[in-house]
Amino acid sequence: MALAAVAGVAQNAIALPYVRKHGTRSAADFFVGKIWSTVPGRFAMVDLILVVIAFHVWALPEARRLGIVRWWLVTVLLTFGVGIGSAIPFFLAVRARTVRVAG
């Protein structure tokens with residue numbers, strides 16, 4: 001959980017000042033704007049999209065198996081509200097706690 005919190009703070013420490021300086025519509029730059037204009041940016045976005053898809057394709061059946069689907073839904077919100085760097089540690093922490101309690 002601590003890693004998820006650190007990731008959330010770090011990600012927002014980058015995004016919030018940018019949005020504050022450039023306005024709320026500039027938030028779209030992070031996903032559909034300038035990032036796609038360079039080869040490294042496109043590479044990073046395709047990589048990020050694949051990570052998001054792979055994680056959620058794995059996490060949903062795992063959440064169903066462990067009975068923690070509501071926490072998987074939280075990771076979906078974290079993914080698109082903060083970032084996958086917060087969602088994955090959060091889900092893994094919830095998963096580890098669930099396995100520990102059940103075991």
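Everything below is about the structure printed above this text.
Chemist: So what about helix H4 (residues 84-102)? Which residues, and what values?
Modeler: An ideal rise of 1.5 Å per residue puts 27 Å on 19 residues; H4 measures up with 26 Å between its terminal C-alpha atoms. Regarding H4, the residues found buried are Ile84, Ser86, Ala87, Pro89, Phe90, Phe91, Val94 and Thr98.

Chemist: Give me a nonpolar patch on the surface: which residues, what numbers.
Modeler: A surface patch of nonpolar side chains, about 530 Å² in accessible area, is lined by Trp36, Val46, Ile49, Leu50, Ile53 and Val57. Classification of Leu50 by relative accessible area gives exposed; the value is 52%.

Chemist: Report on the environment of Arg100, specifying residues and quantitative values.
Modeler: Among the secondary structure elements, Arg100 is positioned in helix H4. Overall, Arg100 belongs to the exposed group, its relative accessible area being 59%. It is 42 Å that separates the C-alpha atoms of Arg100 and Ser26, two residues lying 74 residues apart in sequence.

Chemist: Could you give an account of the nonpolar core, with specific residues and numbers?
Modeler: Where a protein is soluble and globular, its nonpolar side chains tend to be buried together. Residues Val52, Phe55, Ala59, Leu60, Ala63, Ile68, Trp72, Ile84, Ala87, Phe90, Phe91 and Val94 constitute the largest nonpolar core, which totals twelve residues. Residue assignment for this core shows that the elements contributing at least two residues are helix H2 (39-66) and H4. The residues contacting Ile68, other than those within four sequence positions of it, are Ala63, Phe91, Val94, Arg95 and Thr98.

Chemist: Any details on the pattern of salt bridges? Residues and values, ideally.
Modeler: Applying the stated criterion across every chain yields a total of two salt bridges. A salt bridge links Glu62 to Arg65; the nearest nitrogen and oxygen atoms lie 2.8 Å apart. Of this pair, Glu62 and Arg65 both sit in helix H2, separated by three residues, roughly a single helical turn. Accessibility expressed as a relative area gives 10% for Glu62, which makes it buried. With relative accessibility at 55%, the residue Arg65 sits in the exposed group. A salt bridge links Glu62 to Arg95; its shortest N-O distance comes to 2.7 Å.

Chemist: I'd like to hear about the packing of helix H3 (residues 69-81) against H4, residue by residue, with values.
Modeler: Contact geometry for H3 and H4: axes closest at 8 Å, N-to-C directions at 165°. Judged by the inter-axis angle, H3 sits roughly antiparallel to H4. Considering the relative orientation of H3 and H4, their crossing is right-handed. On H4, the residues that touch Trp71, Trp72, Val74, Thr75, Leu78 and Thr79 of H3 are Ile84, Ser86, Ala87, Phe90, Phe91, Val94 and Arg97. Within the contact of H3 with H4, the residues separate by chemical class into nine nonpolar, three polar and one charged.

Chemist: How would you sum up the packing of aromatic side chains? Please name residues and give values.
Modeler: This structure, assessed with the given rule, holds four aromatic pairs. Members of the aromatic cluster, joined through ring pairs, are Phe55, Trp58 and Phe91.

Cut-offs applied
Residues numbered from 1 in each chain as written. Predicted model: local features only at pLDDT ≥ 70, side-chain atom pairs only at ≥ 80, totals over all residues. Heavy atoms only, no water. Helix = DSSP H or I, 4+ residues; strand = E, 2+ residues; numbered from the N terminus. Expected span 1.5 Å × (residues − 1). Buried < 20%, exposed > 50% of the residue type's maximum accessible area, 1.4 Å probe, protein only. Patch = residues over 30% accessible without salt bridge, like charges linked within 9 Å, V, L, I, M, F, W, Y side chains within 5 Å. Areas by Shrake-Rupley, 256 points an atom, 1.4 Å probe, with all protein chains shown as cover. Salt bridge = Lys/Arg side-chain N within 4 Å of Asp/Glu carboxyl O. Core = buried A, V, L, I, M, F, W, Y, C linked by side-chain atoms within 4.5 Å. Contact = heavy atoms within 4.5 Å. Axes fitted to C-alpha atoms, helices over the stretch in contact; angles between N-to-C directions. Parallel < 35°, antiparallel > 145°, perpendicular 65-115°, else oblique. Left-handed = near helix turned anticlockwise from the far one by under 90°. Nonpolar A, V, L, I, M, F, W, Y, C, P; charged D, E, K, R; others polar. Phe/Tyr/Trp six-rings, centres within 6.5 Å; stacked < 30°, edge-to-face > 60°.

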